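Structure assessment
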Amino acid sequence: MRKQAFAFGAAVIGCVAGFEIAHTTSAIEAQPRPGVGFSAIPGVVGGQDMFGPYDIVKGWPKDISTVPGNEKWTWGAGQSIYAESPDRIYLIFRGELPNIKRPATKLLPEFGPSIQFPIGRLPFRDATVSALPGAGGTGQDPKDGMKLWKGTLDVDAKWENCITVVDHNGNILERWTQWDKILKRPHFVAVNPYDPEKHVWVVDDHMHAIYKFSHDGKQLVQTIGTPTVEGADGTHFNRPTYIAWLPDSTMFVADGYNGTRVVKFDKDGKFLMAWGQKGTIPNEKRPAYMNNVHGIAVDPQTRRVFVNDRGNHRVQVFDDNGKFLYDWSFGEDPSDIHLLYIGADRNLWAYDRGTSKMLKYDLEGHFLYSWGTAGDFAGGFWGVHGFSVDQEGNFYVAEVDSGRVQKFAPRQGVNPAFLVSKQIYSAWR
């Protein structure tokens, strides 16, 4: 008994001592160490992750006002951007706006000495309101577009150069002006990464249609949906927003601003199925009930479909046949997620218009990193509505509110885990 008691006592003492040693060791390891911290570049001295893991490429691209004869006009609302390669980037704008300089900050004595315009460093023009057309909000009818837009056509805005292609230096390579006439509110542009012919897809939410163009833009190869006619069946959309593809080119459409569903097509554009129904804003918790389906992404390995249920501040995850699996929240107001993206590293990135931040999650919803700052200065964000990454890791954004697109290059010495992952390329390099 004594031996057992002694052994037990020794074990207890050993455990306590071990705990104290482990606790002390853990405490020592937990102490801040020089050069170690949570930053995109490990051990950096000074500075800050103002633009996350990137440097802004100023002056990119060349403005549309540099086109001869177009000097009085600049880009309208920046809807979408897609980098097929570092030397071929597709830009989507809602027409053009007058090319005016930022007004000088002036005192307005009649309102008191503390009133200035623009206020501090805030943007001076909201391009998404100024650009054509109106009726862009959830639940609004595209037929009211011109009625709700407050302006004079060809004076306050004009409908030209909606689809443009630029190179790595921002030089304008192509202007697909021949298609301006079939567009009302182009929303998204992309190339199916599994398509060796590299067809270019454009979603137009006011036309209730999806267009498939030849790579050079000279031919309209296919139209999915019935232009100008809304609906919720295999041949009609209700303001679709985004597309995502699986490796077999199965296509999923987020439908959309007024629709409340996901639509699945085969590689040839044949309707297969749809799921989703209208929920209750802003705290709908039921599976497959959605409000403003504004973003979609797929995981090519599991074939899971990640849907941005924007009106309810959450992402819903389904299998590829619409079976609900799980969801997670992006946070309550002011969160306002615009779009989702899953790259080659199989993490999910989202842009939050409410906080002007890029957000990184793993595919189970664990929050990993964020960066971004609001403003219309170079490198700031104001209404990112589309983003893309090329094979060199350059990051591109299109902004509806500031009316521009921007290019960011990875910072020298950056930890690659902080970068938005490169896209999945299967059919070309």
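One can find the structure itself at the top, above this paragraph.
Residues numbered from 1 in each chain as written. Predicted model: local features only at pLDDT ≥ 70, side-chain atom pairs only at ≥ 80, totals over all residues. Heavy atoms only, no water.

**A word on the overall build of the protein chain**
The cut-off we apply is this: Secondary structure follows DSSP: runs of H or I at least 4 residues long count as helices, runs of E at least 2 residues long count as strands, and numbering of each begins at the N terminus. To sort residues, take the accessible area from a 1.4 Å probe on protein chains only and compare it with the maximum for the residue type: under 20% means buried, over 50% means exposed, and anything in between is partly exposed. The contact definition used throughout considers only heavy atoms, calling two residues in contact when any of these lie within 4.5 Å. Only the protein chains shown count as cover for residues, and all accessible areas are computed by the Shrake-Rupley method using a 1.4 Å probe.
The helix and strand tally for the protein chain stands at 3 helices and 28 strands. Burial status across the protein chain gives 52% buried among its 429 residues. Considering only contacts within the protein chain whose residues lie at least 6 apart along the sequence, 53% involve residues at least 24 apart. For the protein chain, the exposed surface amounts to about 19700 Å²; the carbon and sulfur share of it is 56%.

**A word on the environment of Ala409**
Within the secondary structure, Ala409 is located in strand E28 (residues 404–410). Apart from the residues lying within four places of it in its own chain, the contact partners of Ala409 are Pro53, Tyr54, Asp55, Val57 and Asn394.

**Looking at unusual backbone geometry**
Here the bond from Leu132 into Pro133 is cis, since omega is -20°, no more than 30 degrees from zero. Structurally, Pro133 can be placed in the loop between helix H2 (127–130) and helix H3 (145–148). The backbone of Arg303 shows a phi angle near 65°, a positive value even though the residue is not glycine. Within the fold, Arg303 resides in the loop between strand E18 (293–299) and strand E19 (304–309).

**Comments concerning the environment of Asn169**
The topology assignment puts Asn169 in the loop between strand E6 (163–166) and strand E7 (172–175). Expressed as a C-alpha distance, the spacing of Asn169 and Gly59, which sit 110 residues apart in the sequence, is 9.1 Å. For Asn169, the residues in contact, after removing those within four places along its chain, are Trp60 and Lys62.

**Some thoughts on the sheet that holds E18**
Just so we agree on the cut-off: Two strands are said to pair when DSSP picks up at least two bridges between them. Geometry is summarised by axes, namely lines fitted to C-alpha atoms with helices restricted to the contacting stretch, and by angles between N-to-C directions that run from 0 to 180 degrees.
Taking strand neighbours across the sheet as the criterion, the 4 strands line up as E18-E19-E20-E21 in an open arrangement whose pairing is antiparallel. In this open sheet, the two strands that pair with only one neighbour each are E18 and strand E21 (324–329). Taken over all neighbouring pairs, the strand axes of this sheet differ in orientation by 20° on average, direction set aside. Where E19 and strand E20 (residues 314–318) come together, 5 bridges link them in antiparallel fashion. Within E20, the residue paired with Phe306 across the bridge is Val317.

**Observations regarding the sheet that holds strand E8 (residues 186–191)**
Across the sheet, 4 strands lie side by side as E8-E9-E10-E11; this open sheet has antiparallel pairing. This sheet does not close on itself; its edge strands, each paired only once, are E8 and strand E11 (220–224). Across the sheet, the mean angle from the axis of one strand to that of its neighbour is 20°, orientation sign disregarded. The pairing of strand E10 (residues 209–213) with E11 spans 4 bridges and is antiparallel. Its bridge partner lying in E11, Tyr211 is registered against Thr223.

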